[in-house]
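Reading the structure
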Amino acid sequence: MTIQSEHTLAIPTNGSIKESLTIETVRLANLISGHAPYDGTFSQRIPGLSVSRYSQANKDDVKSFDLPSMLIVAQGAKTVTVEQEVYQFNQSQILMLPVALPIALKVTHASLFEPYLSVKLVLDPHKIAELALRVYPHGVPAVTKWSSGYILSADVGMINAASRLVECLTNTSDAKLLGPLVMEEILIRVLRSPIGSRIAKIGFAGSEAHLVTKAVAWLRNNFSHQMKVAKLAEMAHMSESTFRVHFKSMTSMSPLQYQKALRLHEARRLMVSESMDATTACHLVGYASPSQFSRDYSHFFGSPPKRDVVGLRQQVTTDSNLPLE
């Protein structure tokens, strides 16, 4: 596996700026603690916003499926793996995932006295396109290299904006009226950052990022159907070879691997949440062969379907808030 370093973009700091950043990050951590009273991930009254707390590191990776999002860490550290790409990030760093992705995540630094604390915002491509027109009135700069994720070192302004967003949660009126404005501010700060042009492109019709995002959306809505890459490429208005290159650069996997991950995640959900047996679940998500499904499931999640589901249910009994965000 390759630790992502070329996508980590740091902002130079001197002593006083560093001190201000530390103070603001501690403030954000304290605010998150107020809305995450125990271990888990908690959706908030502002749409698209959630906060997380975990008081111990994970022993194993937790498989999940994440929407396009940005994750700001206020305390502790986490690793997110997308296929062979590994993103390690910690306090005052941001992970950007521009497209919906199957991921493996692990909290790597947390304790009872210093829990892992983070705030997450789901990205809205339409809002990004609207704001990008203001940030880039003369057009978004060309992007020559894509990635499934980007790590950005936050500045004081970004952490301060995140703190003010969480502060809005204490008042219903603030959450309704001011929350969306602060979220816009955060997105504008991202669009003005070194990775801004890459994020801006996901909202612009006709860009490679937007076209791949359309193909991803089709796969998410039709994962149980047979899929031909040529048809996806046609949908994205690209040659098949060009489409494969762009799809892999933005998701770190092939369209077939992506479809398989979607099927397996949905089968797992059906078995855990709806008490469905493995054979029924495998057919519903598009598998013709239960034995092939069992092999793929075991390889992907590390255990056969029945054993995995029993383990998950036991874990839910112990702690109803699994670290899936």
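Shown above is the structure to which this text applies.
Here's a quick rundown of the structure. (Residues numbered from 1 in each chain as written. Predicted model: local features only at pLDDT ≥ 70, side-chain atom pairs only at ≥ 80, totals over all residues. Heavy atoms only, no water.)

1. Notes on a nonpolar patch on the surface
Applied cut-off: Here a patch means residues that are over 30% exposed by relative accessible area and free of salt bridges, tied together within 9 Å if like-charged and within 5 Å if nonpolar (Val, Leu, Ile, Met, Phe, Trp, Tyr). Here the open area of atoms and residues is found with the Shrake-Rupley method and a 1.4 Å probe, where only the protein chains shown may cover a residue. In what follows, salt bridge is the name for a side-chain nitrogen of Lys or Arg lying within 4 Å of a carboxyl oxygen of Asp or Glu. Numbering of helices and strands starts at the N terminus; helices are DSSP runs of H or I of at least 4 residues and strands are runs of E of at least 2.
On the surface, a cluster of nonpolar side chains totalling about 290 Å² of accessible area is made up of Leu 177, Leu 178 and Leu 181. If you trace the backbone, Leu 177 turns up in helix 4 (residues 172–177).

2. Things to note about the packing of aromatic side chains
To describe a pair of aromatic rings, one takes the distance between the centres and the angle between the planes. Basically, it comes down to this: A pair of Phe, Tyr and Trp rings is counted when the ring centres sit within 6.5 Å of each other, with Trp represented by its six-membered ring. The angle between the planes then sorts it: under 30 degrees is stacked, over 60 is edge-to-face, the rest tilted. When accessible area is computed with a 1.4 Å probe and restricted to protein chains, residues below 20% of their type maximum are described as buried, those above 50% as exposed, and intermediate ones as partly exposed. Charge-over-ring contacts are defined here by two conditions on Lys NZ or Arg CZ: a distance within 6 Å of the ring centre and an angle within 35 degrees of the ring normal.
This model, assessed by the stated rule, comprises 8 aromatic pairs. A centroid spacing of 5.6 Å and a plane angle of 50 degrees characterise the contact between Phe 243 and Phe 247, whose relative ring orientation is tilted. Of this pair, Phe 243 and Phe 247 both sit in helix 9 (residues 240–251), 4 residues apart, which is roughly one turn of the helix. Here the two residues Phe 243 and Phe 247 agree in accessibility, since each one is buried. A ring pair is formed by Tyr 287 and Phe 293, whose centres lie 5.3 Å apart and whose planes are at 70 degrees; its orientation type is edge-to-face. The two residues Tyr 287 and Phe 293 agree in class, both being buried. Every member of this aromatic cluster is reached through a ring pair, and the members are Tyr 287, Phe 293, Tyr 297, Phe 300 and Phe 301. Residue placement shows Arg 263 over the ring face of Tyr 287; its charged tip is 6.0 Å from the ring centre.

3. Remarks on the packing of helix 10 (residues 255–273) against helix 12 (residues 290–301)
Here is the rule we go by: Angles here are taken between N-to-C directions and fall from 0 to 180 degrees, while the axes themselves are lines fitted to C-alpha atoms, restricted in helices to the stretch in contact. Should an angle lie under 35 degrees it is considered roughly parallel, over 145 roughly antiparallel, and from 65 to 115 roughly perpendicular; all remaining angles are considered oblique. Whether two residues are in contact is decided by their heavy atoms, any of which lying within 4.5 Å being enough. The nonpolar class holds Ala, Val, Leu, Ile, Met, Phe, Trp, Tyr, Cys and Pro. Asp, Glu, Lys and Arg form the charged class, and all remaining residues, Gly among them, are polar.
In the contact formed by helix 10 and helix 12, the axes pass within 11 Å of each other and the chain directions differ by 95 degrees. Considering the angle they form, helix 10 stands roughly perpendicular to helix 12. Side by side, helix 10 and helix 12 meet where Lys 260, Ala 261, Leu 264, His 265, Ala 267, Arg 268 and Met 271 of the first sit next to Phe 293, Asp 296, Tyr 297, Phe 300 and Phe 301 of the second. Residues that form the contact of helix 10 with helix 12 fall into these classes: 8 nonpolar, 1 polar and 3 charged.

4. Some details on the pattern of salt bridges
Enumeration over the complete set of coordinates arrives at 13 salt bridges. The partner of Glu 274 in a salt bridge is Arg 269, with the nearest N and O atoms 3.3 Å apart. With a relative accessible area of 35%, Arg 269 lands in the partly exposed category. Through salt bridges with shared partners, one network takes in Glu 24, Arg 27 and Glu 167.

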